[in-house]
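Read off the chains here:
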Amino acid sequence: MEHNSRRVPPDKRKRTEISCDKCKSRKQKCDRLLDRSQCRYCELNGIVCSTTQPRKQHGYVHDEDLRSRLDLLESLVKGLIPEADLSSNDELQHLGKSLGIPLPGVSQRGVSGKTKDNGAVAKDQELAASLLPDQQGHVQYIGPSSSFVFHNKLRLLMGSYTSREFATFGQNAADVTAFRPQTQSSGLPGSQIASSTLADYRSVLSTLGDQGGTLLNSLVDTYFDIIHPDFPVLHEATFRESYENWSSSVPSRNPVWLCSLFCVFILSQHVTPISIPENMEREWWAQVQALIPTVLFTTNIQTVQALLLAALHLHNNNHRDACWNLTGAALHVAIAMGLHRDDIKHAQTPFQREFRKQLWWTLYAFEKMQVSSYDRPSGISDTLTSAGYPNERIVGCAGHYPQGYLKHWQQLIVLLGSACKAVSTAKVAEDSYTRPLSPVSAIIRDLTRWKESLPAHLRLEATDSLPPSSRRPVLLLHAQCSYIVLLVSKSALLYRATSLCSPNEEDIPAPLRTVSETCIKAGQTLGDIMQRLGSIGMFNPFTWWDTFYTMNAALVLSLDIYCRTRSTVLEASNESQDLLDKLQELVAKHLRSASVPGSMRAWGAIVVDLATLSRNGTPVNHAITEDITPGGSHLQLEVGNVPMEAITLEQFNLLHGSFDLSQHLGI
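The model shown is predicted, which means the values in this text are computed figures rather than measured ones. Each residue is numbered by its place in its chain's sequence as written, counting from 1. Whole-chain, interface and lining totals are the exception, using all residues; otherwise, since this is a predicted model, local features are given only for residues with pLDDT of at least 70 and side-chain atom pairs are given and counted only at 80 or more. Based on all heavy atoms of the structure, the side-chain values leave hydrogens and waters out of the count.

In this section: the overall build of the protein chain. A helix here means a DSSP run of H or I that spans at least four residues, while a strand means a run of E at least two residues long, and both kinds are numbered starting from the N terminus. Along the backbone of the protein chain there are 25 helices and six strands. Taken over 667 residues, the protein chain has a buried fraction of 48%. Residues are treated as being in contact if the distance between any of their heavy atoms lies within 4.5 Å. Restricting to contacts in the protein chain with at least 6 residues of sequence separation, those with at least 24 account for 68%. Note that accessible areas follow from Shrake-Rupley with a 1.4 Å probe, and for residues the cover is restricted to the protein chains shown. For the protein chain, the computed accessible surface area is about 33,200 Å², with 52% contributed by carbon and sulfur atoms. Under the scheme applied here, a residue whose accessible area is under 20% of the maximum for its type counts as buried, over 50% as exposed, and between as partly exposed, the area being computed with a 1.4 Å probe on protein chains only.

Here you go:
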């Protein structure tokens, strides 16, 4: 007897093998038999009973095959779009919408209203870890790729982690007790002094004594000699004209310009070789506080200038949170004025057009450096920025930068913006460098092309043959290039160092290993540049990013030393340790000066700490804070988190040697 695989022979089946279209749409059983032209439902409702849709194939796929297929599809998506978030269906829908790809709706079966999927839980945990308390009792968002978190991960990896607060996020910058002037003729608190109290030239002179005019002139000269080349916010000729009018006892009715003037005094007093009464910074800052509300309610070029100068002071003095706020305000005013676009030229002279470009790119670079440090979202949309680089001859930069400098500087800070975006969207360190469209690899390639496009006189090897006034700008240009490389590659080096704690050291992907080596090379280059600045007397620990760059170089050098001391496949090398020791010596020399502001002091202490830890394997865990009192300046040292007795600056210098400010800045 022939075996039949069907339990019921075809001639005795009482249901159709293929359902009609209408029954399929109703998800109901179709009873049309082979010898009938219509099913009962279509016949009763007068509907044409047709079958055009193919029969559903009942295939059975093993769960393991489905998981493998899903992994392959996710790998393809991540390879094409490294920044894609595939943690949930909602993220996939959002990704498809952003790319203009229509996706089918999916159900959320298996997810109850009371529980979250693993991706959502991981996001919540990451957000909670990024909300850290500052010294004001509030929480601040600090991203996972920030220099603060990177430092903490390094210390944890090296077995010397201690709970750390935001040394550079200090108390309220507008605290009256912290900035109360020592001489108050009106009897009002420092933040409530009327702007006219010290706005008059004669009033300012009366607080400085017989040499007041000479001191103020020296401060203005110092600003344009040292601070302005790094931070070109003002136009020297225009500012000096207004300053001469003001110093000729012509009352200034422009509170925004007065705010910039007092900021110039505050910034310059940190780097001038002339002695300034220690209470003057507080009195001048009280004036800035009184003028800031007026500044915030204006919208012009001078508004952006005043906000940026005040932000730089806050950035340097342990108030980087307030600096972030003022930078954002300056950015909004600049965008409202159209500084970010070249096609807005209504009623502008050639000088005004070019100076707007210079001010915009100075603001752009300052904001992006903060974004890179905090790992926060930027307030600038690069797709809407169309401003070109300024004409050097028109804006009067010939005495500060070599020819062609501004063009290549502008190209570099655009790459900094791209690097900030790439770092903020990168999710998984171990596979961020192996994708064919990896933004990290693309940025490193762009930086390589940028260096190759430099003219001979802007290359790093030509620095020694340049005039003294051009050496620092060119060295800082290459320092920022190395910093961008560190920014996008340091997670690869950290991952490599972390893997040394497991037995899979040799299983590190080759591209990731290559990127980590690129990071080490950039760290050594950055450290060498800072050392060269120190050797020619142009290292600035007072008003610019020099100490921040040094700290980032020290972090990378420490990781390289850690990897080499624990690896069985890497050769031992003293290059990083020798360079780290030199950076420690450089920073320690400058920390002896009472003029070094708080943020730089905190970063410098990290360099000293890392060098000692890498050399001896024992953390120093020391902090140096400055306490300025009417009786004199004191340095409070903490070793092992135990405060030592306060010593005066004179005692500190006797213990550690004298410090020559003029020699240090090449004045």
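Having seen the model, we can carry on.
Note on definitions: the grid is 1 Å and covers protein atoms alone; a cavity is a set of points where a 1.4 Å probe fits but cannot get out; a pocket is an open set with protein on both sides within 12 Å along at least five of seven lines; lining residues have an atom within 4 Å of a point. Grid points are joined across faces, edges and corners, and a volume is the space filled by probe spheres set on the points. Taken as a whole, this structure holds four cavities of 30 Å³ or more when the rule is applied. Considering only enclosed or pocket space, the largest cavity measures out at about 290 Å³ in volume. Lining of the largest cavity is provided by 20 residues; of these, Asp230, Tyr405, Trp409, Gln480 and Trp544 occupy positions nearest its centre. Counting only elements with at least two residues in the lining of the largest cavity, the list comes to helix 15 (350-374), helix 17 (405-425) and helix 19 (468-499).

This part covers helix 10 (residues 236-247). In a helix, the anticipated span is given by 1.5 Å times the number of residues less one. With 12 residues, helix 10 ought to run about 16 Å at 1.5 Å a step, and its terminal C-alpha atoms sit 16 Å apart, in line with that. Residues of helix 10 that are buried: Phe239, Tyr243 and Trp246. All buried residues of helix 10 lie within an arc of 60 degrees about the axis, which places them on one face of the element. Summarising the geometry of helix 10, the exposed residues directed more than 90 degrees from the buried face are Glu241 and Glu244. Working note: the arc is built from the helix axis to C-beta atom directions.

What follows deals with the state of the cysteines. When two cysteine sulfur atoms are found within 2.5 Å, that pair is recorded as a disulfide. Applying the stated criterion across every chain yields a total of zero disulfides. Cysteine 263 takes part in no disulfide bond, and the closest cysteine sulfur, belonging to cysteine 259, lies 4.5 Å away. With a relative accessible area of 1%, cysteine 263 lands in the buried category.

Our focus in this paragraph is the packing of helix 20 (residues 510-535) against helix 22 (residues 575-591). Contact geometry for helix 20 and helix 22: axes closest at 10 Å, N-to-C directions at 40 degrees. Crossing of helix 20 over helix 22 shows left-handed handedness. Contacts between helix 20 and helix 22 involve Gln524, Gly527, Asp528, Met530, Gln531 and Gly534 from the first element and Glu575, Ser576, Leu579, Lys582, Leu583 and Leu586 from the second. Three classes are used, and their members are as follows: Ala, Val, Leu, Ile, Met, Phe, Trp, Tyr, Cys and Pro are nonpolar, Asp, Glu, Lys and Arg are charged, and the others, Gly among them, are polar. A breakdown of the residues in the contact of helix 20 with helix 22 according to their chemical character gives four nonpolar, five polar and three charged. Each axis is a line fitted through C-alpha atoms, taken for helices only over the stretch in contact, and angles between the N-to-C directions span 0 to 180 degrees. Note on convention: near helix rotated counterclockwise from far helix by under a right angle means a left-handed crossing. Clockwise means right-handed.

This paragraph deals with unusual backbone geometry. Phi is positive for asparagine 318, close to 65 degrees, though the residue is something other than glycine. Here asparagine 318 is to be found in the loop between helix 13 (301-316) and helix 14 (320-337). By relative accessible area, which is 22% here, asparagine 318 ends up partly exposed. We note that aspartate 375 has phi near 55 degrees; this positive angle belongs to a residue other than glycine. The residue aspartate 375 is located in the loop between helix 15 and helix 16 (392-395) in this model. Aspartate 375 sits in the buried class, given a relative accessible area of 8%.

So, about helix 13. A turn of α-helix holds 3.6 residues, and therefore any two residues three or four places apart point the same way. Over its 16 residues, helix 13 extends 23 Å from the first C-alpha to the last, a length consistent with the 22 Å expected when each residue adds 1.5 Å. Buried residues dominate helix 13, accounting for 14 of its 16 residues. With a side-chain oxygen positioned 3.1 Å from the backbone nitrogen of glutamine 302, the residue opening helix 13 is asparagine 300. After helix 13 finishes, the residue asparagine 318 shows a positive phi value of roughly 65 degrees. Under the rule applied, a polar contact is a pair of N or O atoms within 3.5 Å (in protein, one hydrogen donor and one hydrogen acceptor; residues adjacent in sequence only if both atoms are side-chain atoms).

Right, let's talk about the packing of helix 9 (residues 212-227) against helix 11 (residues 255-268) for a bit. In contact at an axis separation of 9 Å, helix 9 and helix 11 are set at 75 degrees when each is read in the N-to-C sense. Between helix 9 and helix 11, the angle is such that the two are roughly perpendicular. Across from Leu216, Leu219, Val220, Thr222, Tyr223 and Ile227 in helix 9, the residues of helix 11 making contact are Val264, Phe265, Leu267 and Ser268. Working definition: roughly parallel below 35 degrees, roughly antiparallel above 145 degrees, roughly perpendicular at 65 to 115 degrees, and oblique for all remaining angles.

So, on to the side chain of glutamine 370. Structurally, glutamine 370 can be placed in helix 15. Those residues within four positions of glutamine 370 in sequence are excluded, and the remaining contacts are Cys323, Trp324, Thr327 and Trp545.

A word on the packing of aromatic side chains. Each aromatic ring pair is described using two quantities: the centre-to-centre distance and the angle formed by the ring planes. Centres within 6.5 Å are what make two rings of Phe, Tyr or Trp a pair, Trp counting through its six-membered ring; a difference in plane orientation under 30 degrees is then read as stacked, over 60 as edge-to-face, and the rest as tilted. Considering all chains together, one arrives at 20 aromatic pairs under this definition. Here phenylalanine 239 and tryptophan 257 contribute two aromatic rings whose centre-to-centre distance is 5.6 Å and whose plane-to-plane angle is 35 degrees, an arrangement assigned as tilted. With phenylalanine 239 in helix 10 and tryptophan 257 in helix 11, this residue pair connects regions lying 18 residues apart in the sequence. Each member of the aromatic cluster is reached from another via a ring pair, and the members are Phe231, Phe366, Tyr483, Trp544, Trp545, Phe548, Tyr549 and Trp603. To sit over a ring, a charge needs its Lys NZ or Arg CZ within 6 Å of the ring centre and within 35 degrees of the ring normal. The aromatic ring of tyrosine 374 is capped on one face by arginine 376, whose charged end is 4.6 Å from the ring centroid. Over the face of the ring belonging to phenylalanine 150 we find lysine 490, whose NZ or CZ atom lies 5.1 Å from the ring centre.

Here the protein chain shows a mean pLDDT of 76. Residues at 70 or above account for 72%. Note that pLDDT drops below 50 for residues 176-198; the model gives that stretch 45 contacts with residues more than four away or on any other chain. Every residue in residues 618-667 scores below 50 in pLDDT, and together they form 113 contacts with partners more than four places removed in sequence or on other chains. What pLDDT expresses is the predictor's confidence in each residue, scored from 0 to 100.

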